[in-house]
Amino acid sequence: MGVLSAIQVLDLSWGISGPVTGMLLADHGARVTRIESPSGDPWRSSGYRVWNRGKRSAVLDLKEEADHARFLALAGTADVVIESFSPGTTQRLGIDYATLSELNPRLIYCSITGYGSEGPDAGRPGIDALVAARTGQQWEVRGVTGGTIGRLSGTEGIMPGLEPPPGCWVGPDREGPLFSGVPWTSMATAYIATVGVNAALRARGLTGRGQRVNASLLHGILATTIAGWQQAEKPDTPYFQTWINDPRAPKGFFRAADGRWTHHWVPLPEFILNAAANGMQATPEVASPKDATMRVTPMAEDMVILHAYQDQLAEAVARYPAEQWVELAGRVGVPVQTVRSPEEALLDPLLLADGCVVEVDDLEFGPIRQVGRVVELARHPQPVPGPAQPPGADTEEVRAEADALLTGGTREEPGSGSAAARQPALEAPLAGVTVLDLGLAVAGPFGTQVLAELGARVIKVNTLRDRFWFTNHIAMCCNRDKESIALDLKDPEGMAVLRRLVAQADVVQHNMRYEAAERLGVDYASLRAINPALVYCHTLGHEQGPRQAHPGNDQTGAALAGTTWLDGGLDQDGRPIWSCTSLGDTGNGFLSALGIIQALYDRDRTGEGQFVRTSILYAHLLNASTAWVARDGGAVGERQRPDAEQYGWHALYRLYRTADGSWLCLAAVTQRDWAALGRAVERPDLTEDPRFNTPQARSVHDAELVAQLTEVFAGRTAREWFAVLDGHAVPCEISDPDYVLRLFADPEAHRRKAVSAFRHRVVGEMSMAGLYFDLSDTPGVIQGPPAWPGQNSRAILGELGYSDAEIEKLIESRVVDDASR
């Protein structure tokens, strides 16, 4: 049985974030019923064949009295409602949180909006590309020259005046924002909504109360810009800024002899040049990152090294096929993978064997491959899901259930059966939970930062060498709200400290290679012997299997799963791009937090701990889940196929340059929008043209429509077009690179905790993204600035029972590092 097998969900959402949230609940056993509108869903897409799997589908007219009463009856006994109406719509329909919580005080009500229910942007369209445009996220896809940290902090940024040589610029050779091939904003919001709902379910098991969970695409924007959107009093502190978010820095993409693109992250010149020179043999000169005499670090100045080597590395990689590069890199221990399409990923037998890709018996196409299990709970193996149902397939069954409730039938109290004692109040969903973070880089630490934001006490177990890494903005974006103890775990006395910590902890999470964890003695079996109720989460780079031995990171996961392919427009022969708004490391972090919360929810009821597993690759497969493919590779989903220049997905969901050089983002996705657009631009001939008058015709003649609209929008400024289109209710926004400057300076954004501010011991006063989670009864919390290695070592040792003399001895012998003074 799934961990959520007792949970009933009503899914009224549309688009991407809500359907994905409902899918992730259904995957873990929840009974999800999709409530469809009689007028249909204009956002129905290829992804719906994936995202609506395992759900029932019922058509109810909520404006009609009988169906409205049926919905209220169902909501009165449901555990979760998911809705993505624009603010105010649920009130008009009589299905708002206040109404439903009065009927069912234990209800978890998840609202997904564009910018939240209040604030200056609350009324703007909550459409992925439009939110990405309005907030300027489209400018962050390949990064901003000099970095947004510099802009926010009032400096020129890194390496001012440096001009990249030809071939080094990231993405298409044009100026301006990029339209992502992956709907990063919506996917981030889906992660946030899913974690929020599960956190609220866990809290309800303790308090007996439901609550509202607000997730917005603006939250998703903040989750995809965590490394770049930071402000610091001393931004020029050595090692703080990096070249990662600068488009002048080439990101390690090289085309191999067979024409396939490979991603080397971070490029290791010594490996590439010596491998090519030595005939792709694993000789001592073919170095791994550990053995190389020269490594490219993320520090800003090393951008010059990337420029100096770019042509040599490209020529070397072009001498041998991609498969040879990947095979040799795996043997040596260098992170390299081939850039694949989402369909190629889904047809990979290794992913099918792992379970992160599954075959679902689709009602129309037969067995199709799609993303599979992305969170593995040892006590609750995930079965193969059922197929997505046609709209309304279960209407009669659902109406009959509602009618039975209306005539006096009952069902068990929502979510009843918890063995935990009910508490009168809970400050945050994970208040009282202690987490040990043994993670590295981003993927592990970001997941525990999510837990900290939900109220957990997170103790970061640092090494004695971590201060250099913790000086930079990447480490800071995923280590907020934590305490830190710095230990030498290779010293028996250091391991003795860790064992005391484990004995008192609820959760241990890490992303080191599992073989390394076993050698160190921090594997699940070893720690469970100390604490049998422990929830233990291990996150991988890739899938379980032969590739597990290869070094993995966000970039290699993106290459393998197909998100790099989508973002680069490779269907149209574009250039691959790893987006700075990627959700590989951070998506994996959200998944690990989700799995840990579900394991705690399970432990609250059973007393049993368990092993949890997630991976960066799993996250990227989910990020690319608009794709599906038949088992034989024949039929494929009608997913997005962005153009090579990354202007957009099609003529009506796209960026256009206007007369003043600014950019307008258009999202005229319905037939009504198309008709309004024709009126707004005073071109009725376009809407009447047989090439463009239906969605099917426009798809065939997309390039011709792009040419027509490109000419139209070049005739006025972006502000002029925005006023005209907005006045005709055509969904659009100006792509605004300055939104972030206003957001960080807005006191109201700080009050709403969209932005958090604190003092950091290295860079002084700083601001970064605030809370992702808005829960009405058990809100998220900001606990403090990014941790500094060893800042809490003395206090934590004292809590563990060490005397002052013992603490001094551990510090003097360099078993423990102390930065508390």
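Residues numbered from 1 in each chain as written. Predicted model: local features only at pLDDT ≥ 70, side-chain atom pairs only at ≥ 80, totals over all residues. Heavy atoms only, no water.

Q: Can you break down the overall build of the protein residue by residue, with the values?
A: Tallying secondary structure elements over the protein gives 33 helices and 28 strands in all. At 26 Å, the protein has a C-alpha radius of gyration in line with the 28 Å of a compact globule built from 821 residues. Within the protein, the fraction of its 821 residues that count as buried is 62%. Long-range pairs, those at least 24 residues apart, make up 77% of the contacts in the protein between residues at least 6 apart in sequence. Carbon and sulfur atoms make up 51% of the accessible area of the protein, which amounts to about 29,100 Å² in all. For the protein, the distance from the average site of its 75 positive side-chain charges to the average site of its 101 negative ones is 2 Å. (Helix = DSSP H or I, 4+ residues; strand = E, 2+ residues; numbered from the N terminus. Rg over C-alpha atoms; globule rule 2.2 N^0.38 Å. Buried < 20%, exposed > 50% of the residue type's maximum accessible area, 1.4 Å probe, protein only. Contact = heavy atoms within 4.5 Å. Areas by Shrake-Rupley, 256 points an atom, 1.4 Å probe, with all protein chains shown as cover. Lys, Arg positive; Asp, Glu negative; His and termini not counted. Charge placed at Lys NZ, Arg CZ, Asp CG, Glu CD.)

Q: Requested: an account of helix α9 (residues 217–224), with residues and values cited.
A: Within α9, 8 of the 8 residues are buried, which leaves it mostly tucked inside the rest of the structure. Within α9 the residues assigned to the buried category are L217, L218, H219, G220, I221, L222, A223 and T224.

Q: With reference to specific residues and values, describe the nonpolar core.
A: Core analysis: the largest hydrophobic core is formed by 126 residues, its most contacted members being F590 and Y772. Here this core gets 12 residues from one element, more than from any other, and that element is helix α8 (residues 184–207). Here Y772 is in contact with I192, H219, L222, A223, I226, F446, E453 and F590, once residues within four sequence places are set aside. One finds L438, L487, V508 and I811 within the second-largest nonpolar core, a separate group that totals 32 residues. (Core = buried A, V, L, I, M, F, W, Y, C linked by side-chain atoms within 4.5 Å.)

Q: Please give an account of the environment of D246 that cites residues and values.
A: Locating D246 in the fold gives a position in the loop between β7 (231–232) and β8 (253–255). Each C-alpha atom, one on D246 and one on I158, is 8.6 Å from the other, the two residues being 88 residues apart in sequence. Discounting chain neighbours no more than four positions away, the residues touching D246 are R142, V144, T145, G146, G147, I158, K251 and M303. A polar contact of 2.8 Å, which involves the side chain of D246, links it to the backbone nitrogen of G146. (Polar contact = N/O pair within 3.5 Å; in protein donor to acceptor, adjacent residues only side chain to side chain.)

Q: How would you explain a positive patch on the surface if you had to name every residue and give the values?
A: Together, K290, R465, K490, R513 and R519 make up a positively charged patch on the protein surface. Considering the arrangement of structural elements, one finds R519 in helix α19 (residues 514–520). Note on R519: relative accessible area 69%, which makes it exposed. (Patch = residues over 30% accessible without salt bridge, like charges linked within 9 Å, V, L, I, M, F, W, Y side chains within 5 Å. Salt bridge = Lys/Arg side-chain N within 4 Å of Asp/Glu carboxyl O.)

Q: Give a description of the sheet that holds strand β10 (residues 336–338) that names residues and reports values.
A: The strand order β8-β9-β10 describes an open sheet built from 3 strands, whose pairing is antiparallel. The strands lining the two open edges of the sheet, one partner per strand, are β8 and β10. Between one strand axis and the next, the sheet turns through 25 degrees on average, direction left out of account. Sitting on the sheet, helix α12 (residues 322–332) touches β9 (261–264) and β10, and the angle it makes with β10 is about 150 degrees. (Pairing = 2+ DSSP bridges. Axes fitted to C-alpha atoms, helices over the stretch in contact; angles between N-to-C directions.)

Q: Could you give me a rundown of the pattern of salt bridges, with the residues and numbers involved?
A: Counted according to the given criterion, the structure contains 57 salt bridges. The residue R49 makes a salt bridge to E364 at a minimum N-O spacing of 3.1 Å. Note that R49 is positioned in helix α2 (residues 48–51) and E364 in the loop between β11 (357–362) and β12 (366–371), a separation of 315 residues in sequence. Overall, R49 belongs to the partly exposed group, its relative accessible area being 24%. Here D246 makes a salt bridge to R248, at a shortest N to O gap of 2.7 Å.

Q: With reference to specific residues and values, describe the pairing of strand β16 (residues 482–487).
A: Among the 6 residues of β16, 5 are classified as buried, and the element is accordingly described as predominantly covered. Strand direction decides the pairing type here: strand β15 (residues 457–462) and β16, joined by 5 bridges, are parallel. The residue of β16 that forms the bridge with I459 is E483. One ladder, built from 2 bridges, connects β16 with strand β28 (residues 816–817); its direction is antiparallel. By the bridge assignment, L487 is partnered in β28 with V816.

Q: Explain the side chain of H263 to me, and be specific about the residues and the numbers.
A: As for its position among the elements, H263 is in strand β9. A polar contact is formed between the side chain of H263 and the backbone oxygen of K251, at a distance of 2.7 Å. The contact partners of H263, leaving out residues within four places of it in the chain, are K251, G252, F253, P335, V336, Q337, V339, Q555, A559 and W578.

Q: Any details on the packing of helix α10 (residues 269–277) against α12? Residues and values, ideally.
A: Running from N to C, α10 and α12 point in directions that differ by 120 degrees, and their axes come no closer than 12 Å. Crossing geometry of α10 relative to α12 is assigned as right-handed. Where α10 abuts α12, its residues F271, I272, A275 and A276 lie against W325, L328, A329 and V332. (Left-handed = near helix turned anticlockwise from the far one by under 90°.)

Q: Describe the packing of aromatic side chains, naming the residues involved and giving the relevant values.
A: A complete count under the given rule lists 25 aromatic pairs for this structure. Consider the rings of Y191 and F590, whose centres lie 5.6 Å apart with planes at 10 degrees: the pair is stacked. Of this pair, Y191 sits in helix α8 while F590 sits in helix α23 (residues 585–606), placing them 399 residues apart in sequence. In terms of burial, Y191 and F590 fall into one category: buried. (Phe/Tyr/Trp six-rings, centres within 6.5 Å; stacked < 30°, edge-to-face > 60°.)

Q: So what about the packing of α23 against helix α24 (residues 616–623)? Which residues, and what values?
A: α24 packs onto α23 with a crossing angle of 100 degrees between their chain directions and a minimal axis gap of 8 Å. In this view, α23 runs roughly perpendicular relative to α24, as classed from their interaxial angle. On α24, the residues touching D585, G587, N588 and L591 of α23 are I616, Y618, A619 and L622. Split by residue class, the contact of α23 with α24 holds 5 nonpolar, 2 polar and 1 charged. (Parallel < 35°, antiparallel > 145°, perpendicular 65-115°, else oblique. Nonpolar A, V, L, I, M, F, W, Y, C, P; charged D, E, K, R; others polar.)

Q: Lay out the confidence of the model for the protein with the relevant residues and their values.
A: Low-confidence regions, as indicated by low pLDDT, have predicted coordinates that should not be scrutinised in detail. Within the protein, residue pLDDT values average 96, and 98% of them lie at 70 or more. Of the regions scoring below 50 in pLDDT, residues 416–420 engages in 8 contacts with residues more than four places distant in sequence or in other chains. (pLDDT = per-residue confidence, 0-100.)

Q: Describe in detail unusual backbone geometry, supporting the description with residues and values.
A: Cis rather than trans, the peptide bond between W265 and V266 has omega equal to -15 degrees. Within the fold, V266 resides in the loop between β9 and α10. Positive phi values are uncommon outside glycine, yet Y239 reaches one of about 75 degrees. Here Y239 is to be found in the loop between β7 and β8. Y239 sits in the partly exposed class, given a relative accessible area of 44%. Even without being glycine, Q646 reaches a positive phi, approximately 60 degrees. As for its position among the elements, Q646 is in the loop between β20 (629–630) and β21 (648–650).

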